[in-house]
Amino acid sequence: MNEFYIFSIKEEFYKLYKDKPGELYYIFNRIYNMKKSDKEYGYNLFCQISEFLDKKYINNLLREKYKEKIMYSNSNNEHIINNLFLNEITILTVKNPNIKIETNITKPSFLKDLKDLKLHLFVCDFKNNNYYFITRKKAKVC
């Protein structure tokens, strides 16, 4: 099972790390693996870099997008895709500090939908040491 943690990066830190995502991942990885006694320091560091998420907005966006889909279900802050045709089982949980995705595939459907949030989203896969920014959708020019 793959686990992705998605963080909203503050504008000034996005500008600083957009071309150096490995350095940003290093910071999040250190926070993720901190000892319990260092959690207060980790929280302060996290608050400097990240923005807390608007859970209500994100939940509503996902519900609206998938409300007609038979493969989708949700409960409070948890959204589930169980797509037998694509062999995908994905659980997305919206929390204040991050979005957590647990899935059996490498590119879950929810990732493309998060582009609609128009935030600087940074994805961390701590188990596989993988990381990347989710590129925002571009506005169409007529």
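What you are looking at is a predicted structure, and each value in this text was computed from that prediction instead of being measured. (Residues numbered from 1 in each chain as written. Predicted model: local features only at pLDDT ≥ 70, side-chain atom pairs only at ≥ 80, totals over all residues. Heavy atoms only, no water.)

S.K.: I would appreciate a short explanation of the overall build of the protein in the present structure.
M.R.: For the protein, the count of helices and strands is 5 helices and 8 strands. The linear arrangement of helices and strands in the protein, starting from the amino end, is β-α-α-α-β-α-β-β-β-β-α-β-β. Here the C-alpha radius of gyration of the protein, 16 Å, is about what a compact globule of 142 residues would show, namely 14 Å. Structurally, the protein occupies a C-alpha span of about 45 × 45 × 25 Å along its principal axes. Of the roughly 9,000 Å² of accessible surface on the protein, 52% is carried by carbon and sulfur atoms. For the protein, the separation between the mean place of its 25 positive charges and that of its 17 negative charges on side chains is 2 Å. (Helix = DSSP H or I, 4+ residues; strand = E, 2+ residues; numbered from the N terminus. Rg over C-alpha atoms; globule rule 2.2 N^0.38 Å. Areas by Shrake-Rupley, 256 points an atom, 1.4 Å probe, with all protein chains shown as cover. Lys, Arg positive; Asp, Glu negative; His and termini not counted. Charge placed at Lys NZ, Arg CZ, Asp CG, Glu CD.)

S.K.: I'm lost on the packing of helix H2 (residues 21–32) against helix H3 (residues 39–49) in this one. Help?
M.R.: A pair of packed helices is captured by two measures, namely the crossing angle of their axes and the spacing between those axes. Following both chains from N to C, one finds H2 and H3 inclined at 150°, their axes separated by 9 Å at the closest point. When the axis of H2 is compared with that of H3, the two are roughly antiparallel. When you trace H2 past H3, the crossing you get is left-handed. Facing H2, whose interface residues are Leu24, Ile27, Phe28, Ile31 and Tyr32, H3 presents Lys39, Gly42, Leu45, Phe46 and Ile49. (Axes fitted to C-alpha atoms, helices over the stretch in contact; angles between N-to-C directions. Parallel < 35°, antiparallel > 145°, perpendicular 65-115°, else oblique. Left-handed = near helix turned anticlockwise from the far one by under 90°. Contact = heavy atoms within 4.5 Å.)

S.K.: So what exactly am I meant to see when it comes to the confidence of the model for the protein here?
M.R.: Caution is warranted with low-pLDDT regions, since their predicted coordinates should not be read in detail. Across the protein, the average pLDDT comes to 91, with 95% of residues at 70 or higher. Helix H5 (residues 109–113) is the least confidently modelled element of the protein, averaging 88 in pLDDT, while strand E6 (residues 99–103) averages 97, the highest of any element. (pLDDT = per-residue confidence, 0-100.)

S.K.: Sorry, what's going on with the nonpolar core here?
M.R.: Burial of nonpolar side chains together is a common tendency in soluble globular proteins. Membership of the largest hydrophobic core comes to 19 residues, with the highest contact counts inside it found for Ile6, Ile99, Ile101, Phe110 and Leu114. Sorting the residues of this core by element identifies strand E1 (2–9), helix H4 (55–66), strand E5 (88–94), E6, H5 and strand E7 (121–125) as the ones contributing at least two each. Counting 16 residues, the second largest nonpolar core, distinct from the first, contains Tyr5, Tyr17, Leu24 and Phe46. (Core = buried A, V, L, I, M, F, W, Y, C linked by side-chain atoms within 4.5 Å. Buried < 20%, exposed > 50% of the residue type's maximum accessible area, 1.4 Å probe, protein only.)

S.K.: Where do I start with H2 in this structure?
M.R.: Owing to its 3.6 residues per turn, the α-helix aligns residues three or four sequence positions apart on the same side. The terminal C-alpha atoms of H2, which comprises 12 residues, lie 16 Å apart, in line with the 16 Å expected from a rise of 1.5 Å per residue. Where H2 is buried, its residues touch E1, helix H1 (11–17), H3, strand E2 (50–51), E7 and strand E8 (130–134). (Expected span 1.5 Å × (residues − 1).)

S.K.: Mind showing me how you'd approach the packing of aromatic side chains here?
M.R.: Aromatic ring pairs are reported here in terms of the distance separating the ring centres and the angle at which the planes meet. This model, assessed by the stated rule, comprises 17 aromatic pairs. Their ring planes at 20° and their centres at 4.8 Å tell us that Tyr25 and Tyr131 sit as a pair that is stacked. In this pair, Tyr25 sits in helix H2 while Tyr131 sits in strand E8, placing the two residues 106 residues apart along the sequence. Given a relative accessible area of 6%, Tyr25 falls into the buried group. In this structure, Lys107 is placed above the aromatic ring of Tyr132, and the distance from its NZ or CZ to the ring centre is 4.9 Å. (Phe/Tyr/Trp six-rings, centres within 6.5 Å; stacked < 30°, edge-to-face > 60°. Lys NZ or Arg CZ within 6 Å of the ring centre and 35° of its normal.)

S.K.: For this particular structure, what's the right way to read H4?
M.R.: The end-to-end C-alpha separation of H4 is 17 Å, in line with the 16 Å expected for 12 residues at 1.5 Å each. The complete set of buried residues in H4 reads Ile58, Asn59, Leu62 and Tyr66. Projected down its long axis, H4 carries its buried residues within an arc of 100°, all on one side. Exposed positions of H4 whose direction lies more than 90 degrees from the buried face are Lys56 and Glu64. Next to the buried residues of H4 lie strand E3 (72–75), strand E4 (78–83), E5, E6 and H5. (Arc of directions from axis to C-beta.)

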